[in-house]
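What follows is each chain in one-letter form.
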Amino acid sequence: MADRTIGVLVMSYGTPESMDRIEAYYTHIRRGIPPSAEQLKELTERYEAIGGSFPLRENTNRQVEALEHTLNRESAEHVFRCYQGLKHATPFIEDGVKQMAEDGITEAVGVVLAPHYSVMSVGGYIKRAKEAAEAHGIRMRFVQSYHLHPKWVRAQTERLKAGLARFGDIPADEIRVIFSAHSLPEKIIEMRDPYPDQLLASSKAIAEQAGVANWQFAWQSAGQTATPWLGPDITEVLETIHREEGVRNVLVSPIGFVSDHLEVLYDIDIECRALAERLGMRLERTESLNTDPLYMETLSDVVREQLRQA
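Rules behind the numbers
- Residues numbered from 1 in each chain as written.
- Predicted model: local features only at pLDDT ≥ 70, side-chain atom pairs only at ≥ 80, totals over all residues.
- Heavy atoms only, no water.
- Pairing = 2+ DSSP bridges.
- Helix = DSSP H or I, 4+ residues; strand = E, 2+ residues; numbered from the N terminus.
- Axes fitted to C-alpha atoms, helices over the stretch in contact; angles between N-to-C directions.
- Contact = heavy atoms within 4.5 Å.
- 1 Å grid on protein atoms, 1.4 Å probe; cavity = no way out; pocket = protein on both sides within 12 Å on 5 of 7 lines; lining within 4 Å.
- Points joined across faces, edges and corners; volume = space filled by probe spheres on them.
- Nonpolar A, V, L, I, M, F, W, Y, C, P; charged D, E, K, R; others polar.
- Phe/Tyr/Trp six-rings, centres within 6.5 Å; stacked < 30°, edge-to-face > 60°.
- Buried < 20%, exposed > 50% of the residue type's maximum accessible area, 1.4 Å probe, protein only.
- Lys NZ or Arg CZ within 6 Å of the ring centre and 35° of its normal.
- Salt bridge = Lys/Arg side-chain N within 4 Å of Asp/Glu carboxyl O.

## Focus: the sheet that holds strand β6 (residues 215–220)
Right, so step 1: Spatially, four strands are ordered β6-β5-β7-β8 in an open sheet, and the strand pairing comes out parallel. At either margin of the open sheet sits one strand with a lone partner, and together these are β6 and β8 (282–285). Neighbour-to-neighbour, the strand axes of the sheet open up by a mean angle of 30 degrees, direction not taken into account.
Right, so step 2: Of the pairings in the sheet, the one linking strand β5 (residues 176–182) to strand β7 (residues 249–253) comprises four bridges and is parallel in character. Its bridge partner lying in β7, arginine 176 is registered against valine 250.
Right, so step 3: Those strands touched by helix α8 (residues 195–210) are β5 and β6, and its axis lies near 140 degrees from that of β6.
Right, so step 4: Along the sheet, helix α9 (residues 234–245) makes contact with β5, β6, β7 and β8, crossing β5 at roughly 160 degrees.

## Structural notes on the layout of surface pockets
Right, so step 1: Considering only enclosed or pocket space, the second largest pocket measures out at about 150 Å³ in volume.
Right, so step 2: Together, Thr15, Pro16, Glu17, Arg21, Ala24, Tyr25, His28, Arg57, His88, Ala89, Thr90 and Phe92 line the second largest pocket.
Right, so step 3: For the lining of the second largest pocket, the per-class residue count stands at five nonpolar, four polar and three charged.

## Focus: the packing of aromatic side chains
The geometry of two aromatic rings is summed up by the distance between their centres and the angle between their planes.
Right, so step 1: Applying the stated criterion across every chain yields a total of five aromatic pairs.
Right, so step 2: Measuring from ring centre to ring centre gives 6.2 Å for tyrosine 146 and tyrosine 295, while their planes differ by 40 degrees; the resulting arrangement is tilted. With a gap of 149 residues between them, tyrosine 146 in the loop between β4 (139–142) and α6 (150–165) and tyrosine 295 in helix α12 (residues 293–308) connect regions that are remote in the sequence.
Right, so step 3: We classify tyrosine 295 as buried; its relative accessible area is 0%.
Right, so step 4: Ring-pair connections join several aromatic residues into one group, and the members of that group are Tyr195, Phe217 and Trp219.
Right, so step 5: Its end group placed over the ring of phenylalanine 167, arginine 282 keeps NZ or CZ at 4.5 Å from the ring centre.

## Side note on empty space enclosed by the protein
Over the atoms, a rolling probe the size of a water molecule traces out where space has been left empty.
Right, so step 1: Summed over the entire model, instances satisfying the criterion amount to one cavity of 30 Å³ or more.
Right, so step 2: Taken as a whole, the largest cavity encloses approximately 50 Å³ of empty space.
Right, so step 3: Every residue lining the largest cavity is listed: Gln156, Pro254, Phe257, Val264, Thr286, Glu287, Ser288 and Leu289.
Right, so step 4: For the lining of the largest cavity, a count of residues per class yields four nonpolar, three polar and one charged.

## Brief notes about the pairing of strand β2 (residues 78–86)
Right, so step 1: Counting buried positions along β2 gives seven out of nine residues, so the element sits mostly inside the fold.
Right, so step 2: Both strand β1 (residues 4–12) and β2 contribute to a ladder of nine bridges, which runs parallel. Directly across from glycine 7, in β2, lies its bridge partner arginine 81.

## Quick look at the sheet that holds β2
Right, so step 1: Strand order across the open sheet formed by four strands is β2-β1-β3-β4, with parallel pairing between neighbours. Every interior strand has two partners, whereas the edge strands, β2 and β4, have only one. Taken pair by pair, the neighbouring strands of this sheet meet at an average axis angle of 25 degrees, ignoring direction.
Right, so step 2: Against the sheet, helix α3 (residues 55–74) makes contact with β1 and β2, and its axis sits at roughly 165 degrees relative to β2, the strand it touches most.
Right, so step 3: Against the sheet, α12 engages β1, β2, β3 (107–112) and β4, with an angle of about 140 degrees to β3.

## Topic: the pattern of salt bridges
Right, so step 1: In total, this model carries 25 salt bridges according to the counting rule given.
Right, so step 2: Note that arginine 141 and glutamate 107 form a salt bridge whose closest N and O atoms lie 3.0 Å from each other. Here arginine 141 is found in strand β4, whereas its partner glutamate 107 is found in strand β3, with 34 residues between them in sequence. Note on accessibility: arginine 141 and glutamate 107 belong to one class, buried.

Written out as structure tokens, the structure is:
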């Protein structure tokens, strides 16, 4: 019989709730500095290009609900209650922790919907959640990363194989697989941040399990700042492999992301695909994990592992 309720703070980047909230969202990302008219127009047009929708919000809602169901199905020792905490939109990370406290939660685990750790991404989520939890008297442990969890790797491998199958009779060695993830400022290299190495380790594990030898890694969705970001960008990679190697078939596997949202639906499905078409290349993308049962089980496993380590 369950002996206590454990709170689970499920953290994600966040997205606007509607088109008229894009400016407030962008301002929060820019630490209170409103975007220029040109910047706002560009972001608004990107959301319009994917149908004027905000799939990340719906996907995150579904992931949080599915994780709570999975946790309670797999554990007889505890009752789990999941809360959402977003980095740049409501409910903010602090809102999620506050709601936990109001519901009488005294013990919790925090997990980010991102498999790979960087002090500039997951580390920032954890810092905010830890400060809020301490302020409310909640004992909270945190999942750092799960980039090599067997179930997550298997879920990505299944998607990779399904993506390759869409090319029909074209041999696998004639299809270039490009694993991708969100770029971060180059300064993380000097900080010996684990993010790049974890992404390469994930790519290698997925490729090996899928029996794929023809693969490489690329960065995407770099921010528009004065400081340099990690590269090469995936658009540069597409141009290079077309020009120098004559690659004609590409399968993009955006393993740094766990659900459909702007960086997948626009940056890859629209921007990269348009470039590929101009170059005379065929570009396909692996399906996002969203609420894949293996992904939900991955999150459930790493959350429960934190409790076992207590």
